[in-house]
Amino acid sequence: MTDEALYTRAAELGVQCDYHDVAGQHHRADPAALAEVVALLEADRAAADAVPRVGPPLHLSARGPLPIDAVVGAASVLVGGQPIELASRRSGDGSTIDLPADLPLGCHVLEYETDAGPGETVVVVAPPTMPRAERFAGRSGMFAPTYALWERDRPLPSFANLHHLARDLERHGVHVVATLPLSATFLDDPYDPSPYSPVSRLHWNEVYLDDAGLPPAPMPPQGSYVDWRALAARRRAQLVEAARSPEFDAQLTAFVSAHPDVGAYARFRAQREADGDELVARSHVLAQYLADQQLRAIADDPDAAALALDLPIGSSPQGYEVWADPTMFAHGATVGAPPDSFFAEGQNWGFPPPLPAAMHASGHRLWRQLIERVGRYCDVLRVDHAMAIERLWWVPEGFSADRGVYVHYPREELLAVIAASAAASGVTIVGEDLGTVPEEVSEAFERWNVLGMYEEQFHLDDDPLPHIPARSVAGIRTHDMEPIAELVATEDTSGYRERLGAAHGTAIEPTWNDVVDQMLIRLAASDAYLVIADLDDLIGERRPHNLPGRVVDGLWARRLDAPTSEVLADPDVCRRLSILGRTNE
């Protein structure tokens with residue numbers, strides 16, 4: 001195939017063959033790398049086309065009745081687990097299935113029998129805009145990693161500590177508690193404690209289970225950082241011991257019946273362990289059952305702040321999602337990012353990209369599962385790297401990250417699926433749209449009224465101070481940026497302090513205390529839908545949560561220096577929470 005033919009075919013398959021970087025420089029796709037990606041997409045398209053279908057895998061209800069390329073004998077749609085019989089009409093050589101006008105918002109599986117065989121279509125009933133709860137409009141939240149939280153009588157990281165923080169924040173007039181992903185991670189071999197490289201985004205990290213509900217075990221010494229390996233080994237032993245008891249037999253049977261993926265996940269985890277017998281599998285089911293109970297306790301507590309969670313854009317290539325549904329992912333490529341001002345060689349994030357044709361053919365099953373599962377426990381869900389609805393940077397195996405290419409996805413279809421699934425779950429969606437955002441994504445987010453993000457630390461050099469958008473969740477910084485106390489101590493913030501001080505009619509000293517206070521005042525007075533501040537910035541912490549692109553001991557593991565309740569009782573922290581929560585007005 002000539003290069004010209006290669007570029008033409010790549011474009012037909014949804015590959016963006018050139019792009020402009022952050023400096024405006026034009027880049028053309030490397031032909032060798034492009035050929036590898038085209039081969040993967042050709043195989044994806046061929047596999048999807050090889051499955052005979054009499055109807056589309058996905059149908060937006062706004063398009064009207066569902067056309068079927070065969071004569072329909074019977075049809076029904078599942079709503080709330082119950083089938084509703086549907087009427088069909090002959091239409092040319094096929095049929096048309098009429099959809100009920102009162103189908104609730106959500107994604108519904110429609111099944112039908114035809115003279116050419118059975119068929120299935122996911123009917124997407126999406127709201128006109130991305131769902132958001134009015135009760136959070138003009139409200140505030142606080143962010144803290146769950147692993148950082150502890151009390152003197154509960155020194156280990158736990159859902160219980162997160163629950164207590166949620167209750168404390170509500171008493172302070174702060175209505176949302178945000179935290180890092182709580183998904184299961186590999187904490188033995190391989191070892192990767194990053195919450196953004198989970199074993200499964202559908203299942204929970206068992207280390208966070210409340211210790212009080214499990215068999216007693218020696219308490220490991222606690223330092224400044226969580227010893228993930230030690231805690232994971234200890235928790236495994238506790239769960240295996242607890243699984244020997246018949247106490248939970250009825251509950252576990254019912255739980256797996258209601259959530260079959262939990263049984264599959266338990267088998268996956270057991271197969272990876274040297275002594276992975278039925279008892280080990282049962283212990284993993286028990287872990288997910290207990291996590292469900294403890295997370296539900298937070299979600300159902302009227303005296304607790306609402307929970308905001310993150311949804312990582314991918315999962316470990318050795319994890320459950322790839323194992324459970326390997327045809328959904330490209331084997332021979334990974335996701336990353338092109339070179340930019342921070343990463344001159346580009347980035348390779350290591351997880352396999354979803355295949356566009358396979359995902360469409362499944363009715364975007366994984367997206368539906370993720371929104372439904374995580375949305376069961378949280379009220380606000382931030383979708384990491386939301387540009388993935390438009391495109392992902394594919395790095396073919398054997399090539400450096402800077403030789404990757406952008407592969408496009410069905411943006412409007414994905415937004416409809418996410419909106420429908422979120423509406424059915426009652427969850428507010430936030431799209432992480434920081435950095436360079438394609439114009440198409442910005443326009444789509446505006447059209448769908450998707451909440452984006454605003455971080456003040458990105459705008460310290462802006463003159464004049466920018467308007468904080470109403471269609472945003474605003475904060476000082478993200479977990480990937482340096483704490484404000486470190487920035488004030490090491491960088492020149494004089495210009496920003498002058499502009500902010502002039503806006504507030506006060507002189508701002510070059511201390512983190514003054515800068516944080518005035519930042520909070522600016523954010524709290526803004527038009528932002530929701531304002532969320534990092535607890536570390538309220539206490540002057542200088543150590544980071546994460547250093548992107550680096551593997552350093554202590555990342556994703558630092559505990560608070562004092563028990564959470566004592567940190568929140570500090571008068572300065574109380575005052576800053578008052579500013580944040582607008583209870584000082």
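The present account deals with the structure reproduced in this document. (Residues numbered from 1 in each chain as written. Predicted model: local features only at pLDDT ≥ 70, side-chain atom pairs only at ≥ 80, totals over all residues. Heavy atoms only, no water.)

1. Focus: the overall build of the chain
Selection rule: Every helix listed is a DSSP run of H or I at least four residues long, and every strand listed is a run of E at least two residues long, numbered separately from the N terminus. Exposed residues in this analysis have more than 50% of their type's maximum accessible area, buried residues have under 20%, and partly exposed residues fall in between, with area computed by a 1.4 Å probe over protein chains only. Contact between two residues is taken to exist if any of their heavy atoms lie within 4.5 Å; hydrogens are not considered. What sets the accessible areas is the Shrake-Rupley method with a 1.4 Å probe; for residues, cover comes only from the shown protein chains. Under the convention used here, Asp and Glu are negative, Lys and Arg are positive, and both His and the chain ends fall outside the count. Note on charges: their place is set at NZ of Lys, CZ of Arg, CG of Asp or CD of Glu.
Of the regular secondary structure elements, the chain holds 18 helices and 27 strands. Across its three principal axes, the chain shows a C-alpha extent of roughly 75 × 65 × 50 Å. Within the chain, the fraction of its 585 residues that count as buried is 56%. Sequence-distant contacts in the chain: of pairs separated by 6 or more residues, those separated by 24 or more amount to 70%. Looking at the chain as shown, the accessible area adds up to about 24,600 Å², and 51% of this sits on carbon and sulfur atoms. For the chain, the centre of its 47 positive side-chain charges and the centre of its 87 negative side-chain charges are spaced 3 Å apart.

2. Considerations on the nonpolar core
Burial of nonpolar side chains together is a common tendency in soluble globular proteins. Defined as follows: The term nonpolar core refers to a set of buried residues drawn from Ala, Val, Leu, Ile, Met, Phe, Trp, Tyr and Cys, joined through side-chain atoms within 4.5 Å.
Core analysis: the largest hydrophobic core is formed by 166 residues, its most contacted members being Leu 34, Met 142 and Trp 394. Here this core takes ten residues from helix H7 (residues 278–299), the largest share from any one element. Residue contacts for Leu 34: discarding those within four places in its chain leaves Leu 6, Tyr 7, Ala 10, Val 15, Cys 17, Ala 29 and Val 405. Of all hydrophobic cores here, the second largest spans 16 residues; its members include Ala 70, Ala 75, Leu 103 and Leu 110.

3. Notes on the sheet that holds strand S21 (residues 380–383)
We apply this condition: Pairs of strands are assigned from DSSP output, requiring at least two bridges between the strands. Note on definitions: angles span 0 to 180 degrees between N-to-C directions of axes, and those axes are lines fitted to C-alpha atoms, for helices only across the stretch in contact.
Spatially, the eight strands line up as an open sheet ordered S24-S21-S18-S13-S12-S27-S26-S25, and their pairing is parallel. Each having just a single partner strand, strand S24 (428–431) and strand S25 (452–455) make up the two edges of the open sheet. Mean inter-strand twist for the sheet, computed between neighbouring axes without regard to direction, equals 25 degrees. The pairing of S25 with strand S26 (residues 472–475) spans four bridges and is classified as parallel. Bridge pairing in S26 links Gly 452 to Ser 472.

4. Things to note about the pattern of salt bridges
Heads up, the condition is: Salt bridge, as used here, is a side-chain nitrogen of Lys or Arg placed within 4 Å of a carboxyl oxygen of Asp or Glu.
In total, this model carries 37 salt bridges according to the counting rule given. With its nearest N and O atoms 2.7 Å apart, the salt bridge here joins Arg 9 to Glu 42. Residue Arg 9 is located in helix H1 (residues 3–12), and its partner Glu 42 is located in helix H2 (residues 31–49); the two are separated by 33 residues in the primary sequence. Salt bridges sharing partners connect three or more residues here, namely Asp 536, Glu 541, Arg 543, Arg 558 and Asp 561.

5. Here we look at the packing of helix H6 (residues 260–272) against H7
The condition that has to hold: Should an angle lie under 35 degrees it is considered roughly parallel, over 145 roughly antiparallel, and from 65 to 115 roughly perpendicular; all remaining angles are considered oblique. It is the rotation of the near helix from the far one that decides the hand of a crossing: anticlockwise by less than a right angle makes it left-handed, clockwise makes it right-handed. Amino acid classes used here: Ala, Val, Leu, Ile, Met, Phe, Trp, Tyr, Cys and Pro are nonpolar; Asp, Glu, Lys and Arg are charged; the rest, including Gly, are polar.
Look at H6 against H7: their axes get within 8 Å of each other, and the N-to-C directions meet at 130 degrees. Taken as axis vectors, H6 and H7 run oblique relative to one another. Crossing hand, H6 versus H7: right-handed. Together, Val 262, Tyr 265, Ala 266, Arg 269 and Ala 270 of H6 and Val 280, Ala 281, His 284, Val 285 and Gln 288 of H7 make up the contact between the two elements. Across the contact of H6 with H7, the residue classes tally to seven nonpolar, two polar and one charged.

6. Points about helix H18 (residues 571–581)
Just so we agree on the cut-off: N or O atoms closer than or at 3.5 Å make up a polar contact, with two conditions inside protein: a donor-capable atom paired with an acceptor-capable one, and, for residues adjacent in sequence, both atoms drawn from side chains.
Three or more residues of H18 are buried, namely Val 573, Arg 576, Leu 577, Ser 578, Ile 579, Leu 580 and Gly 581. Put simply, Asp 570 is the residue that caps the front of H18, since its side-chain oxygen is 2.9 Å from the backbone nitrogen of Asp 572.

7. Some remarks on the sheet that holds strand S20 (residues 347–348)
Read across the sheet, five strands follow the order S1-S23-S22-S19-S20 without closing on themselves; strand pairing throughout is antiparallel. Among the strands making up the open sheet, the edge pair consists of strand S1 (15–16) and S20. Here S1 runs beside strand S23 (residues 405–408); their pairing, made up of two bridges, is antiparallel. Looking across to S23, one finds that Val 15 is bridged to Val 407. Across the sheet, H2 is in contact with S1, strand S19 (333–337), strand S22 (391–396) and S23; its angle to S22 comes to roughly 110 degrees.

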